Amino acid sequence: KNDARMTYEKGLASRDFLEYIWKGEQEEFFIDLMKRTMLLSEWGRESFIIPSLLRDTYVITETGISGHRCVYDFSSGFLPNGVFQRLLCLCVELSSRSGGNTNLKL
């Protein structure tokens, strides 16, 4: 019950919950498939984050537009050259494909 609530409210699914949903059949196959298609990522040892289940909880106050907010803190490390630029291009491309806002602020 708590696993289901956590999955649908926070987008975090435990391995036990996924095994229950898939009735203990082929769960490793489904987890691997979802990882490869970037529908799910590991979150800790026995949990997974499913981004499509995240709720729109961030609202831009100036416009009232709601969506997701992502903050990366590299104060204790760094990104290899070119990774940030590629990530930025991927985000812009995905936004434009879905008819997203082209008036972006960086």
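These lines cover the structure that appears in this document, whether it is placed above or below. (Residues numbered from 1 in each chain as written. Predicted model: local features only at pLDDT ≥ 70, side-chain atom pairs only at ≥ 80, totals over all residues. Heavy atoms only, no water.)

1. Notes on the side chain of Thr 7
Thought 1: Here Thr 7 shows up in helix H1 (residues 2-10).
Thought 2: Contact partners of Thr 7, with chain neighbours within four places excluded, come to Leu 12, Ala 13, Phe 17 and Leu 53. (Helix = DSSP H or I, 4+ residues; strand = E, 2+ residues; numbered from the N terminus. Contact = heavy atoms within 4.5 Å.)

2. Some details on the packing of aromatic side chains
Thought 1: Tallying each qualifying case throughout the model produces three aromatic pairs.
Thought 2: When the ring of Tyr 8 is compared with that of Phe 17, the centres are 6.4 Å apart and the planes differ by 90°; the resulting orientation is edge-to-face.
Thought 3: Residue Tyr 8 is classed as partly exposed on the basis of its relative accessible area of 46%.
Thought 4: Taken together, the aromatic side chains of Trp 22, Phe 29 and Phe 30 make up a single cluster linked through ring pairs. (Phe/Tyr/Trp six-rings, centres within 6.5 Å; stacked < 30°, edge-to-face > 60°. Buried < 20%, exposed > 50% of the residue type's maximum accessible area, 1.4 Å probe, protein only.)

3. What to know about the sheet that holds strand S3 (residues 47-49)
Thought 1: Strands sit in the order S1-S3-S2 across an open sheet of three strands; the sheet is antiparallel. Of all the strands in the sheet, just strand S1 (12-14) and strand S2 (41-42) have a single pairing partner and so form its edges.
Thought 2: Pairing geometry for S1 and S3, over three bridges, is antiparallel. Along S3, the bridge assignment pairs Leu 12 with Ile 49. (Pairing = 2+ DSSP bridges.)

4. Remarks on unusual backbone geometry
Thought 1: Phi is positive for Lys 23, close to 55°, though the residue is something other than glycine.
Thought 2: Residue position: Lys 23 is located in the loop between helix H2 (15-21) and helix H3 (27-36).
Thought 3: The exposure class assigned to Lys 23 is exposed, which follows from its relative accessible area of 68%.
Thought 4: Located in the positive-phi region is Met 38, a residue other than glycine, with phi close to 55°.
Thought 5: Its location among the elements puts Met 38 in the loop between H3 and S2.

5. Describing the nonpolar core
Thought 1: Of all hydrophobic cores here, the largest spans nine residues; its members are Ala 13, Phe 17, Leu 18, Trp 22, Ile 31, Met 34, Leu 40, Phe 48 and Ile 50.
Thought 2: Sorting the residues of this core by element identifies H2 and H3 as the ones contributing at least two each.
Thought 3: In this view, Ile 31 contacts Arg 15, Leu 18, Trp 22, Leu 40 and Phe 48; residues no more than four positions away in its chain are not counted. (Core = buried A, V, L, I, M, F, W, Y, C linked by side-chain atoms within 4.5 Å.)

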